[in-house]
Amino acid sequence: MDAEYDYVVLGTGLKECVLSGLLSLNKKKVLHMDRNKYYGGDCASLHPLNQLYETFGRTDFPGDSLGKPRDYNVDLIPKFLMADGTLVKILVHTGVATKYMNFKQIEGSFVYRGGSVHKVPANEKEALNSSLMGIFEKRRFRNFLIFALGVEPENASTWKDYAGGNFDPKKTTMNDVFKAYDLSQDTADFTGHAIALYRDDEYMSKPCEEAIMRIKLYYQSLSKYGGSPYIYPVYGLGELPQGFARLCAVWGGTYMLDKAIDEVIMENGVVKGVKTQGEVAKAKVVIGDPSYFPDRVRSIGKVVRCICILSHPIANTNNKQSCQLIIPQNQVNRNSDIYICCVSQTNLVTPKDKYLAIVSTTVETADPEKELEPGLKLLGKIDEKFVSVSNLYEPLDDGTESKIVISKSYDATTHFETTCDDIMDMYKRITGEEFDASCIEIKLKMKD
């Protein structure tokens, strides 16, 4: 293997696989290695069910009592894709979406408010019938949406209908916007957390441009297929890294699983390659997940996740076979939101009449599992549950000098928007160029 590459990529998590696929597509010479025998790294899908028990160190595998084990594909870090989001555009641009994968729409998006589960309105009719808001608040919210969805940050003529007078998306805060439309705190909560998908309320005091673009993305995604803005791969998220791995291989990339990394070779503070099993792969840039560079990352917190097997859909979701449910921080006196995603046999990840519900949040106390209780209570009877607490890491530097570019850990969210932000940031650090996904037209056929 003693050879020279443009890029050596360590770890087969989704971020690393997307980048190796894009770099290979750009006709770069890529070597991709992983110490594991399987694709996906921390965000792998486990199949069959006994792998889940083994991963969590459990010896009480129940055989067929939970359905056929081979019918399970369990995501360790479950996330949904925004139908008009960056990751879907990359999937279409590279051909991975059409050549290697099938998708199914997630049936509903919900938010917890005032002790109850409410559907996030998917259209004007649902908004008028929603119990999230009173009749006068609905009118105010409608006016806010009409304005927000019409805003183009670089086109001042689209700012003129702002209810608060002078408007500048680079100066006017989101808090000012909510006040201008006289929206209640509850409405601001579900808008910021269930639509704009913020994890906390820091965005309220910042210029509103990003928040408005997030709201527009939600409704643009919603308009693709209706019902909800989210889609999800048939057979689980494990199909995503494998799809990009195939893309990389087609364009000349080399993949090696079950390869322990002995050393990252440095010279005068700059990476020169990696050594594995006595062989050296030289590289201009080395890319990888935090686990390969423990001395080059810092811990920024922890995330707790609980994978639950159910025999019923989540209550108060109109028997949806798949859904996302967000519990905004203010609703349960926390600093971080709680996320729930549910998938089932309709997504080909469980046997018939079984459901996978995963509850996750950012850890704030010394008792992480207890922090999930507001979400776990909404699930009803749980057949089995598997709890994990993971450290969150970020790189100490951007890799400009060392030529080592490291991804961030996967956060508690059950959508890919923060993941895409990191992928795009890494792509720019690696290549020096922006990846422009804005002009990519999305054409996907959903699986029935």
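Thresholds applied
Residue positions are given per chain, counting from 1 as you read along its sequence in written order. This being a predicted model, a pLDDT of at least 70 is required before a residue's local features are given, and a value of 80 or more before pairs of side-chain atoms are given or counted; all residues contribute to the totals for chains, interfaces and linings. To get the side-chain values, all heavy atoms of the structure are used, and hydrogens and water are removed first. Segments assigned H or I by DSSP are reported as helices when at least four residues long, segments assigned E as strands when at least two residues long, and all are numbered from the N terminus. Between buried and exposed lies partly exposed: a residue is buried under 20% and exposed over 50% of the maximum accessible area for its type, with that area taken using a 1.4 Å probe on protein chains only. Throughout, a residue-residue contact means that at least one pair of heavy atoms, one from each residue, lies within 4.5 Å. Helices are assigned an expected span. That span is 1.5 Å times one less than the residue count. Here the nonpolar core consists of buried residues drawn from Ala, Val, Leu, Ile, Met, Phe, Trp, Tyr and Cys, with membership extended through side-chain atoms lying within 4.5 Å. Orientation is described by axes fitted as lines to C-alpha atoms, over the contacting stretch for helices, and by angles from 0 to 180 degrees between their N-to-C directions. In these notes the angle categories are as follows: under 35 degrees is roughly parallel, over 145 is roughly antiparallel, 65 to 115 is roughly perpendicular, and the rest is oblique. Here a crossing is taken to be left-handed if its near helix is turned anticlockwise relative to the far helix by less than a right angle, and right-handed if that turn runs clockwise. Each domain's extent was defined by an automatic or database domain assignment. By definition, the buried area sums, over both parts, the 1.4 Å-probe accessible area that each loses when the two are put together. A pair is scored as a salt bridge if a Lys or Arg side-chain nitrogen falls within 4 Å of a carboxyl oxygen belonging to Asp or Glu. We define a polar contact as two N or O atoms separated by no more than 3.5 Å, with the added condition that, inside protein, one atom must be a possible hydrogen donor and the other a possible acceptor, whereas residues neighbouring each other in sequence contribute only through side-chain atom pairs. Just so you know the grouping, Ala, Val, Leu, Ile, Met, Phe, Trp, Tyr, Cys and Pro go in nonpolar, Asp, Glu, Lys and Arg go in charged, and all remaining residues, Gly too, go in polar. We call two strands paired when DSSP finds no fewer than two bridges between them. Note on terminology: pairs of cysteine sulfur atoms within 2.5 Å are recorded as disulfides.

## A word on the overall build of the chain
Move 1: Across its full length, the chain carries 13 helices and 19 strands.
Move 2: Each of the three principal axes of the chain carries a C-alpha extent, and together these read 70 × 60 × 45 Å.
Move 3: Taken over 448 residues, the chain has a buried fraction of 55%.
Move 4: Taking all contacts inside the chain whose residues are at least 6 apart in sequence as the whole, residues at least 24 apart take part in 71%.

## Some points on helix H6 (residues 135-150)
Three- or four-residue spacings in an α-helix give side chains the same orientation, since the helix completes a turn every 3.6 residues.
Move 1: With 16 residues, H6 extends 23 Å from end C-alpha to end C-alpha; this agrees with the ideal 22 Å at 1.5 Å per step.
Move 2: Turning to H6, the residues buried within the fold contact helix H5 (124-129), helix H7 (174-180), helix H8 (185-195) and helix H9 (209-225).

## Some remarks on the side chain of Asn347
Move 1: Its location among the elements puts Asn347 in the loop between strand S16 (338-344) and strand S17 (355-362).
Move 2: Residues within four places of Asn347 in sequence aside, it is in contact with Lys104, Ile106, Tyr232, Pro233, Val234, Tyr235, Gln321 and Ser322.

## With respect to the nonpolar core
A general tendency of soluble globular proteins is for nonpolar side chains to be buried together.
Move 1: With 110 residues, the main nonpolar core has Leu91, Phe144 and Met174 as its most contacted residues.
Move 2: When residues no more than four places from it in sequence are discounted, the contact partners of Leu91 are Leu81, Val96, Ala97, Met101, Phe103, Leu240 and Phe244.
Move 3: In this structure, Cys323, Cys342, Val359 and Leu372 belong to the second largest nonpolar core, which totals 22 residues.

## Points about the packing of helix H1 (residues 14-25) against helix H13 (residues 417-431)
Move 1: Where H1 meets H13, the axes come as close as 10 Å, and the angle between the chain directions of the two elements is 45°. Judged on the interaxial angle alone, H13 and H1 are oblique. Seen along the crossing, H1 lies across H13 with a hand that is right-handed. Contact residues: H1 offers Lys15, Val18, Leu19, Leu22 and Leu23, while H13 offers Thr419, Asp422, Ile423, Met426, Tyr427, Ile430 and Thr431.

## With respect to the domain arrangement of the chain
A common measure of how large an interface is: the accessible area buried when the components associate.
Move 1: What the domain assignment reports for the chain is domain 1 (4-42 + 238-298 + 395-439), domain 2 (57-107 + 299-392) and domain 3 (121-225).
Move 2: For domain 1 and domain 2, the distance between their C-alpha centroids amounts to 26 Å.
Move 3: Residue-level contacts link 30 residues of domain 1 with 31 residues of domain 2.
Move 4: For the pair domain 1 and domain 2, the two sides together bury roughly 2,700 Å², of which 69% comes from carbon and sulfur.
Move 5: Put simply, domain 1 and domain 2 have one salt bridge between them.
Move 6: Two residues, Asp411 and Lys79, come together in a salt bridge whose shortest N-O distance is 3.1 Å.
Move 7: Here domain 1 is connected to domain 2 by eight residue pairs in polar contact (both at pLDDT 80 or more).
Move 8: Listed by contribution, the elements that provide at least two residues to the side of domain 1 that touches domain 2 are H1, helix H10 (239-250), strand S14 (297-310) and H13.

## Some remarks on the packing of helix H3 (residues 86-94) against H10
Move 1: Two elements in contact, H3 and H10, have axes whose closest approach is 11 Å; the angle formed by their N-to-C orientations is 35°. As H3 runs across H10, the sense of the crossing is left-handed. Contact residues: H3 offers Ile90, Leu91 and Thr94, while H10 offers Leu240, Phe244 and Leu247.
Move 2: By residue class, the composition of the contact of H3 with H10 is five nonpolar, one polar and no charged.

## Overview of the sheet that holds strand S9 (residues 230-233)
Move 1: The strand order across the open sheet formed by three strands is S5-S9-S6, and the pairing between neighbours is antiparallel. Pairing within the sheet leaves two strands with one partner each, and these edge strands are strand S5 (81-82) and strand S6 (103-105).
Move 2: Note: S5 against S9, two bridges, orientation antiparallel. Among the inter-strand pairings, Leu81 is bridged to a residue of S9, identified as Ile231.

## What about the state of the cysteines?
Move 1: All chains considered together, the criterion is met by zero disulfides.
Move 2: Lacking any disulfide linkage, Cys342 is separated from the closest cysteine sulfur, that of Cys323, by 5.0 Å.
Move 3: Accessibility expressed as a relative area gives 0% for Cys342, which makes it buried.

## Considerations on the environment of Leu46
Move 1: As for its placement among the helices and strands, Leu46 is situated in strand S3 (residues 45-46).
Move 2: Each C-alpha atom of the pair Leu46 and Leu237 lies 9.9 Å from the other, and the pair is 191 residues apart in sequence.
Move 3: Excluding residues within four positions of it along the chain, Leu46 makes contact with Gln51, Leu52, Thr55, Tyr72, Asn73, Val74 and Leu76.

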